[in-house]
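These are the residues of each chain, in order.
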Amino acid sequence: MSPQNVVALELSLEDRERVIQGALQAKESAYSPYSKFRVGAALLTPSGEIIQGCNVENASYGGTICAERTALVKAISEGKKTFVALAVTSDVAAHISPCGICRQFIREFCALSMPIYLAPSDHPASRKSEEEDKNVKADGVLETTLGELLPYSFGPEQLELPRKS
Ligand SMILES: [Zn+2]
């Protein structure tokens, strides 16, 4: 395991549950008349604040924004730029993971070691015995990190590297 995959911060179980509940609550505001696929996301700040985001679709499909980016844009525009966890959920029992664009967007603001919790729609529900994946915890939540979702990534620090003119 490379250092970037090590989870630096162990959240309390209470904070873990708070950010997951934030995602579940955010999903209720989803505007998804076209896909009919509601997604909720929530960010946890170092001070314990929860920032929620939902997917917001558009009749011009390309104008659609995902729940994860909604949460980040809301947070950044309110002056919050550091985060300690992200949770994502939907209406399906599977673990729904951030899309490629969102992974890159998250990369801009979050540490590679930041935990990302992917919660099934029926959270909390035990399905540990049915799962092979060691990242799936007893309550059915898949715990991963940004570094695992976006390996060998490009981020702001690469632009600081010295270059030959
Ligand atoms: Zn996305």
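Residues numbered from 1 in each chain as written. Predicted model: local features only at pLDDT ≥ 70, side-chain atom pairs only at ≥ 80, totals over all residues. Heavy atoms only, no water.

Per an unreviewed UniProt entry, the protein goes by Cytidine deaminase and derives from Pterulicium gracile. One UniProt comment on the protein, placed under Function (unreviewed entry), says "This enzyme scavenges exogenous and endogenous cytidine and 2'-deoxycytidine for UMP synthesis." UniProt's Cofactor (unreviewed entry) comment on the protein is quoted here verbatim: "Zn(2+)". (UniProt positions renumbered as here; feature names shortened; annotations may be inferred.)

*Asks:* Sorry, what's going on with the coordination of the zinc ion here?
*Replies:* When four donors bind a metal tetrahedrally, each ideal donor-metal-donor angle is 109.5 degrees, and when six bind octahedrally, the ideal angles are 90 or 180 degrees. For the zinc ion, every protein donor is listed as Cys66 (SG), Cys99 (SG) and Cys102 (SG), and the spread of their distances is 2.3 Å. Mapped onto the polypeptide sequence, the residues donating to the zinc ion form the spacing pattern C-x32-C-x2-C. Note that Cys66 is positioned in the loop between strand 2 (50-54) and helix 2 (67-77) and Cys102 in helix 3 (residues 100-109), a separation of 36 residues in sequence. (Donors = N, O, S within 2.8 Å, 3.2 Å for Na, K, Ca; no water. Helix = DSSP H or I, 4+ residues; strand = E, 2+ residues; numbered from the N terminus.)

*Asks:* Got a minute to help me understand the environment of Asn135 in this structure?
*Replies:* Positionally, Asn135 belongs in the loop between strand 4 (115-119) and strand 5 (142-145). With relative accessibility at 18%, the residue Asn135 sits in the buried group. Sequence separation between Asn135 and Ile50 is 85 residues; the distance between their C-alpha atoms is 23 Å. Aside from chain neighbours lying at most four places away, what touches Asn135 is Val141, Leu142, Glu143 and Glu148. (Buried < 20%, exposed > 50% of the residue type's maximum accessible area, 1.4 Å probe, protein only. Contact = heavy atoms within 4.5 Å.)

*Asks:* Explain the pattern of salt bridges to me, please; I cannot follow it from the model alone.
*Replies:* It is possible for side chains of opposite charge to pair when their charged atoms get near one another. One pass over the structure, following the stated rule, counts 9 salt bridges. A salt bridge links Lys27 to Asp91, with the nearest nitrogen and oxygen atoms 3.0 Å apart. Note that Lys27 is positioned in helix 1 (residues 13-27) and Asp91 in the loop between strand 3 (85-90) and helix 3, a separation of 64 residues in sequence. For Glu49, the salt bridge identified is with Lys80, shortest N-O distance 3.0 Å. Within this pair, whereas Glu49 is found in the loop between strand 1 (39-44) and strand 2, its partner Lys80 is found in the loop between helix 2 and strand 3, the two being separated by 31 residues in sequence. Using a relative accessible area of 18% as the deciding quantity, one classes Lys80 as buried. (Salt bridge = Lys/Arg side-chain N within 4 Å of Asp/Glu carboxyl O.)

*Asks:* How should a nonpolar patch on the surface be read in this particular structure?
*Replies:* Where nonpolar side chains cluster on the molecular surface, the patch consists of Tyr31, Tyr34, Val56 and Tyr61 and spans about 420 Å² of accessible area. Topologically, Val56 is positioned in the loop between strand 2 and helix 2. Using a relative accessible area of 33% as the deciding quantity, one classes Val56 as partly exposed. (Patch = residues over 30% accessible without salt bridge, like charges linked within 9 Å, V, L, I, M, F, W, Y side chains within 5 Å. Areas by Shrake-Rupley, 256 points an atom, 1.4 Å probe, with all protein chains shown as cover.)

*Asks:* Looking at this model, I keep getting lost on helix 1. Mind explaining?
*Replies:* Since there are 3.6 residues in each turn of an α-helix, residues three or four apart along the chain are aligned in direction. Given a rise of 1.5 Å per residue, 15 residues ought to cover 21 Å, and the 21 Å separating the end C-alpha atoms of helix 1 matches this to within 8%. Those residues of helix 1 that sit buried are Arg16, Val19, Ile20, Gly22, Ala23, Leu24, Ala26 and Lys27. Buried residues in helix 1 make contact with strand 1, strand 2, strand 3, strand 4 and strand 5. (Expected span 1.5 Å × (residues − 1).)

*Asks:* Got a minute to help me understand the UniProt feature "binding site: Zn(2+)" (unreviewed entry) in the protein in this structure?
*Replies:* UniProt's entry tags Cys66, Cys99 and Cys102 with the feature "binding site: Zn(2+)" (unreviewed entry), counted in the numbering of this structure. The largest pairwise C-alpha distance within this set of annotated residues, which runs over 37 residues, is 8.4 Å, so the set is compact in three dimensions. With respect to the helices and strands, the residue Cys99 is situated in the loop between strand 3 and helix 3. In this structure, Cys99 is in contact with Cys66 and Glu68, ignoring residues within four places of it in sequence. When its relative accessible area of 0% is taken as the criterion, Cys102 is described as buried.

*Asks:* Before we go on, may I ask you to explain the pairing of strand 3 in this structure?
*Replies:* Counting buried positions along strand 3 gives 6 out of 6 residues, so the element sits mostly inside the fold. Residues of strand 3 alternate between two faces, with Ala85, Ala87 and Thr89 on one and Leu86, Val88 and Ser90 on the opposite face, all of them buried. As paired strands, strand 1 and strand 3 are joined by 6 bridges and run antiparallel to one another. Across the sheet, residue Leu44 finds its bridge partner in strand 3, namely Ala85. (Pairing = 2+ DSSP bridges.)

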